[in-house]
Amino acid sequence: MPIKYDEVMALRNVGQKYSWTDREVMLYAYGIGMGADPMDQKELSFVNEGYFTPRELKVVPTYASVAAWGASAGPIDVNRVMVVDGERDITFHKPLPVAANITADSSILGVFDKGKDKGAVILRKTVLKNDKGEELATLIASQFARGDGGFGGPSEGQPEPHAIPKRAPDMTVDISTRPDQALIYRLCGDRNPLHSDPEFAKRAGFDRPILHGMCTYGLSCRAVLQTYADYDPSAFKQHVTRFSSPVFPGETVSFDLWKDGNVISLEGRVKSRNVTVIRNGKTVLA
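By the naming in an unreviewed UniProt entry, the protein chain goes by 3-alpha,7-alpha, 12-alpha-trihydroxy-5-beta-cholest-24-enoyl-CoA hydratase and is assigned to Candidatus Afipia apatlaquensis.

Written as structure tokens, this is what we have:
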């Protein structure tokens, strides 16, 4: 069935209830590879609460991307096998607490028709609020429905990508992934079989399961967190990336970083395949 543009644009779902504890925030941090060195005290602050000397647990800013996993403005009839993440843009209004009860308000910002054989782009917005009604984060998610173009919707109006500086990077950070990284990360909520089931991945056009785009998003956050943010989650005001190619679990992603004032531009590459996997990235720091 083709996408019904007017019906999709009218979708809205307010007051969806979610909660988390320290277990979920530690699992997320581990799911994006933090704590690989169990003696690294800075990373332990995200994955271990301490025993003899309790430590203040920190929350990775991009935990916001899974904090209300499943929140939706409503169902959209697309070919699930052909859907991949396109972009994520999170604005952080307050640092995320270690445990919380929240609500999520979801709506559709746009649906763009790239053509019958080129797919469709669905732009969703979700606002996370604490139990006092205060906004914690605003998530803008872009999904690329590769098999659902040609429904007659608009083709123009998508947000302009962040421009990467022309000069050489100011810094490059290599972040490795584990062969079983996707099997760990999926426990944070995203059970899409594209990332865990070899048969499903093959039918979707991949030789093997690919890493979640949102796990790669978490890796890009780590690149800034461990460098210019000095492991301070409260320093993040916005984090945006576009996914240009999948990462396969076990690969190393090299993040090129450019610093201009409080704006960090970033792109991610898998050198072994000479592929850019993250483009037009931007982090705004306090």
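The next subject is the side chain of Glu 43. Along the chain, the position of Glu 43 falls in helix α3 (residues 41-47). In terms of polar contacts, Glu 43 uses its side chain to reach the side chain of Tyr 231, at 3.4 Å. The contacts of Glu 43, once residues within four sequence positions are left out, are Gly 33, Met 34, Gly 35, Ala 36, Arg 222, Gln 226 and Tyr 231.

Another point: the pairing of strand β7 (residues 236-243). A large share of β7 lies buried, amounting to 6 of its 8 residues. The sheet contact formed by strand β2 (residues 83-92) and β7 spans 5 bridges and is antiparallel. Counterpart to Arg 88 in the pairing with β7 is Thr 241. Pairing of β7 with strand β10 (residues 275-285) involves 6 bridges; the strand directions are antiparallel. Bridge pairing links Val 240 to Lys 282 in β10.

As a further point, take the UniProt feature "domain: MaoC-like" (unreviewed entry) in the protein chain. With numbering aligned to this structure, UniProt lists the feature "domain: MaoC-like" (unreviewed entry) at residues 164-274. Secondary structure content for residues 164-274 is 22% helix and 28% strand, while the C-alpha to C-alpha distance between its ends is 19 Å.

Now for the state of the cysteines. Taken as a whole and judged by the stated rule, the model has 0 disulfides. Free of any disulfide, Cys 188 has its nearest cysteine sulfur in Cys 215, 8.1 Å distant. Judged by relative accessible area, Cys 188 falls into the buried class, the value being 13%. Cysteine Cys 221 remains unbridged, with the sulfur of Cys 215 as its closest cysteine sulfur at 12 Å.

How each quantity is defined
Residues numbered from 1 in each chain as written. Predicted model: local features only at pLDDT ≥ 70, side-chain atom pairs only at ≥ 80, totals over all residues. Heavy atoms only, no water. Helix = DSSP H or I, 4+ residues; strand = E, 2+ residues; numbered from the N terminus. Polar contact = N/O pair within 3.5 Å; in protein donor to acceptor, adjacent residues only side chain to side chain. Contact = heavy atoms within 4.5 Å. Buried < 20%, exposed > 50% of the residue type's maximum accessible area, 1.4 Å probe, protein only. Pairing = 2+ DSSP bridges. UniProt positions renumbered as here; feature names shortened; annotations may be inferred. Disulfide = S-S within 2.5 Å.

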